[in-house]
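Tertiary structure, described
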Amino acid sequence: MFEVDSSIAPGGLWEQIVELVKKQFTTESDRSKMERYFPLFMSHELKGDTLNIGVAEALQVEWFTTLFKDPLESALHALGHPSAKVVFDIAENAGASAVQKPQPSPAHLLKPSSSSTPSLIGMPSTLPLTENYTFQNFVVGPSNSFAHATAMAVANGPGRTSNNPLFIYGGTGLGKTHLMQSIGHYVLKNNPAASVCYITSETFLNEYINALTNNAMPAFRERYRKVDVLLLDDVQFIADKRQFQEEFFNTFSSLMTYQKQVVMTSDVAPKDLKGCEERLTGRFKQGMVVEIEAPSYETRLAILKFKVKMQSAGRVIPEEILKYIAENIRSHVRALEGAISRVITFIDLNPNIPMTLEIVQHLLKDSIEQEKTIKDLTVEDIMKVVTEFYGVTLSDILSPQRTQTLVTPRQVAMFLSVKLTTRSLVEIGRSFGKTHATVYHGAQTIQKRIDVESDLRKVIENLTSQLGRNPSELSK
Ligand code: ADP
Ligand code: MG
């Protein structure tokens, strides 16, 4: 299967490398990538410390580097080449390959469709929508209400220019895929004949490479041009893949021309998609860009109650336990789901043991420990929220000025830092450019004030929720 060049004897290094890469690829999906793509390597040669692998075209250089560079290098290191590097490049004889190059002009996309288009054998037309990723199952709170409302508007009127494309971004496990698929379910419910295509950017890229390899580009383009709603998940994946962006831009422009709805998700905002061409991110921003933020304590509790209702079929979980979970699992919704599932499983396996807070603390010990390390608030997070609320700048807060308009926000930030982070007074002081005594005094002042000023107390409770924490932590 592998072409062995003169520098590597048959049964020699390359075969050993392949074996070691196979060992690293344990999942079926990784294995199938290897089986599909390794035969596309046109040459491989170890020169000094560099293993050069020749491929047919630039997109493959990008894509195969992402997929295979690290595992290949690990294999080489294990085989006694500790500082070896792997470099993918266009092979010298690439021009002679049967691989069809992508066509940069979008003009061909606009041709009327023809029934003689070859079908794309073996390519999924769309990944299945997850059954319960619907609007009914999506709990709305301040962190996602704008994204939810916009998604509803898109679902009700797909293709309308003001919301096209819709770009949803936010951290992992916060509900982007769920919301995106809700649009798909909704559109299909209203119009079962609509063509809704849900696909991850990685699958899209894989299909594209397959189409290139099989000379099936026209069919590939035709297929995407035909969809009414394209739901493209995790587009951050196309960052740094310039060649692919070219094709993606063409597909995208064509869908826009035909007023088809495009919805994308990403873990970062369009402006932060590194290595992404500006004309592409510029187009993303022309529609609607919405963010999903980490849920507040109240929303986390509401989500937990919802999940219990859905999953626990009559089992009773005391409110204090749900509150404990909502308070301690803060990073994302997927972690909340994991926690509640553990509790439900425990109840099922131990029907005679009454569920207590101690048991839950024990059950969730590891997840809560993990939460502490991933979602520890920083003084900077607090400063950001406080300065935004008071309409002052960070340099105002850090300056020595002592006007009341600055002293209150500064002391509020100090108070919240003391209450909500694990930093010491000295460390907090360092972040503010002040001594630990100043931080202590500032925090004490706010503590005294909120005992008597209910307006200030409300402000601070709101800021605490906004930071994803439970206001009850303030009285600890
Ligand atoms: P992302 O795509 O942002 O990484 P997902 O959409 O996969 O996140 O969501 C992770 C899990 O959390 C899914 O099971 C989803 O159903 C659930 N989830 C996220 N947000 C909500 C919400 N607001 N209401 C109910 N479930 C949610
Ligand atoms: Mg997702």
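Preceding block: the structure.
The structure reproduced in this document is the subject of the present report. Note that this is a predicted model, so its numbers are computed, not measured.

**A short note on the side chain of Thr 464**
Take Thr 464: it is sitting in helix 20 (residues 454-466). A distance of 2.7 Å separates the side chain of Thr 464 from the backbone oxygen of Ile 460, its partner in a polar contact. Not counting the four nearest positions on each side in its chain, Thr 464 is found in contact with Leu 416, Leu 420, Arg 469, Asn 470, Pro 471 and Leu 474.

**Topic: the nonpolar core**
Formed by 60 residues in total, the largest nonpolar core has its most connected members in Phe 68, Leu 72 and Phe 88. Counting residues per element, this core draws most heavily on helix 3 (residues 58-78), at 9 residues. Counting the residues that make up this core, at least three belong to each of domain 1 (13-97) and domain 2 (135-292). Setting aside its immediate chain neighbours within four residues, Phe 68 contacts Phe 25, Lys 33, Met 34, Tyr 37, Phe 38, Phe 41 and Phe 88. Residues Tyr 297, Phe 306, Ile 325 and Ala 339 belong to the second largest nonpolar core, which totals 28 residues.

**Quick word on the sheet that holds strand 3 (residues 85-90)**
Here we have 3 strands laid out as an open sheet, ordered 1-2-3, and mixed in their pairing. Looking at the sheet topology across the chains shown, the edges are occupied by strand 1 (43-47) and strand 3. Between one strand axis and the next, the sheet turns through 20 degrees on average, direction left out of account. Two strands pair when backbone bridges link them, and strand 2 (residues 50-55) and strand 3 are joined in this way by 6 bridges, in the parallel orientation. When the sheet's bridge partners are listed, Val 55 is paired in strand 3 with Ile 90. Packing against the sheet, helix 3 makes contact with strand 1, strand 2 and strand 3, and its axis sits at approximately 160 degrees to strand 3.

**Brief notes about helix 9 (residues 278-286)**
Buried residues of helix 9: Leu 280, Thr 281 and Phe 284, and no others. For helix 9, the angular spread of buried residues about the axis comes to 90 degrees, placing them on one side. Exposed residues lying more than 90 degrees from the buried face of helix 9 are Glu 278 and Gln 286.

**Quick look at the packing of aromatic side chains**
Two measures describe an aromatic ring pair: the distance that separates the ring centres and the angle between the ring planes. Within this structure, the stated rule accounts for 26 aromatic pairs. Geometrically, the ring pair formed by Phe 41 and Phe 68 is edge-to-face, given 6.0 Å between the ring centres and 75 degrees between the ring planes. Taken together, the residues Phe 41 in the loop between helix 2 (28-37) and strand 1 and Phe 68 in helix 3 connect sequence positions 27 residues apart. For the pair Phe 41 and Phe 68, one class covers both residues: buried. Their ring planes at 85 degrees and their centres at 5.9 Å tell us that Phe 204 and Phe 248 sit as a pair that is edge-to-face. Note that Phe 204 is positioned in helix 6 (residues 201-213) and Phe 248 in helix 8 (residues 242-257), a separation of 44 residues in sequence.

**Thoughts on helix 19 (residues 436-452)**
Across its 17 residues, helix 19 extends 25 Å between first and last C-alpha, which sits within 8% of the 24 Å expected from 1.5 Å per residue. For helix 19, the full list of buried residues reads Val 439, Gly 442, Ala 443, Ile 446 and Ile 450. Summarising the axial view, the buried residues of helix 19 lie within an arc of 95 degrees, below the 170-degree limit, and thus occupy one face. Residues His 441, Lys 448, Asp 451 and Val 452 are exposed on helix 19 and point more than 90 degrees away from its buried face. The inward-facing, buried residues of helix 19 abut helix 17 (404-420), helix 18 (425-432) and helix 20.

**Details of the packing of helix 8 against helix 9**
Relative to each other, helix 8 and helix 9 sit at 30 degrees, their axes nearing to 10 Å. Classified by the angle their axes make, helix 8 and helix 9 are roughly parallel. Here helix 8 runs over helix 9; the crossing is left-handed. Facing Gln 245, Glu 246, Phe 248, Phe 249, Phe 252, Ser 253 and Met 256 of helix 8, the residues of helix 9 in contact are Arg 279, Leu 280, Arg 283 and Phe 284. Looking at the contact of helix 8 with helix 9 residue by residue, the class counts come to 6 nonpolar, 2 polar and 3 charged.

**Points about the site of ligand 1**
Surveying the vicinity of ligand 1 reveals 17 residues, the closest of which are Gly 173, Lys 176, Thr 177, His 178 and Arg 334. Val 139 is positioned with one of its backbone polar atoms (N or O) 2.8 Å from a nitrogen atom of ligand 1. Measuring from an oxygen atom of ligand 1, one finds a side-chain N or O atom of Arg 334 at 2.8 Å. Elements represented by at least two residues in the shell around ligand 1 include exactly helix 5 (176-190) and helix 12 (333-349). Residue composition of the shell around ligand 1, grouped by class: 5 nonpolar, 8 polar and 4 charged.

**Considering the pattern of salt bridges**
A full pass over the atoms with the stated rule returns 14 salt bridges. Across the salt bridge formed by Lys 69 and Glu 73, the nearest N and O atoms sit 2.7 Å from each other. With Lys 69 and Glu 73 both in helix 3 and 4 residues apart, the pair spans about one turn of that helix. A salt bridge links Asp 272 to Lys 271, with the shortest nitrogen-to-oxygen separation between them at 3.2 Å. Residue classification places Lys 271 among the exposed positions, given a relative accessible area of 65%. When salt bridges with common partners are traced through the structure, they connect Glu 246, Glu 277 and Arg 279 into a single cluster.

**What to know about the sheet that holds strand 4 (residues 166-169)**
Spatially, the 5 strands line up as an open sheet ordered 5-6-7-4-8, and their pairing is parallel. Where the open sheet ends on each side, the last strands, each with one partner, are strand 5 (196-200) and strand 8 (288-291). The sheet shows a mean angle of 15 degrees between the axes of neighbouring strands, taken without regard to direction. Running at roughly 95 degrees to strand 5, helix 6 makes contact with strand 5 and strand 6 (229-233) of the sheet. Each of strand 6 and strand 7 (261-266) touches helix 8; the most contacted strand, strand 7, lies at about 140 degrees to it.

The rules behind these values
Residues numbered from 1 in each chain as written. Chains lettered and ligands numbered in written order. Predicted model: local features only at pLDDT ≥ 70, side-chain atom pairs only at ≥ 80, totals over all residues. Heavy atoms only, no water. Helix = DSSP H or I, 4+ residues; strand = E, 2+ residues; numbered from the N terminus. Polar contact = N/O pair within 3.5 Å; in protein donor to acceptor, adjacent residues only side chain to side chain. Contact = heavy atoms within 4.5 Å. Core = buried A, V, L, I, M, F, W, Y, C linked by side-chain atoms within 4.5 Å. Buried < 20%, exposed > 50% of the residue type's maximum accessible area, 1.4 Å probe, protein only. Domains from an automatic or database assignment. Pairing = 2+ DSSP bridges. Axes fitted to C-alpha atoms, helices over the stretch in contact; angles between N-to-C directions. Arc of directions from axis to C-beta. Phe/Tyr/Trp six-rings, centres within 6.5 Å; stacked < 30°, edge-to-face > 60°. Expected span 1.5 Å × (residues − 1). Parallel < 35°, antiparallel > 145°, perpendicular 65-115°, else oblique. Left-handed = near helix turned anticlockwise from the far one by under 90°. Nonpolar A, V, L, I, M, F, W, Y, C, P; charged D, E, K, R; others polar. Near = heavy atom within 4 Å. Salt bridge = Lys/Arg side-chain N within 4 Å of Asp/Glu carboxyl O.

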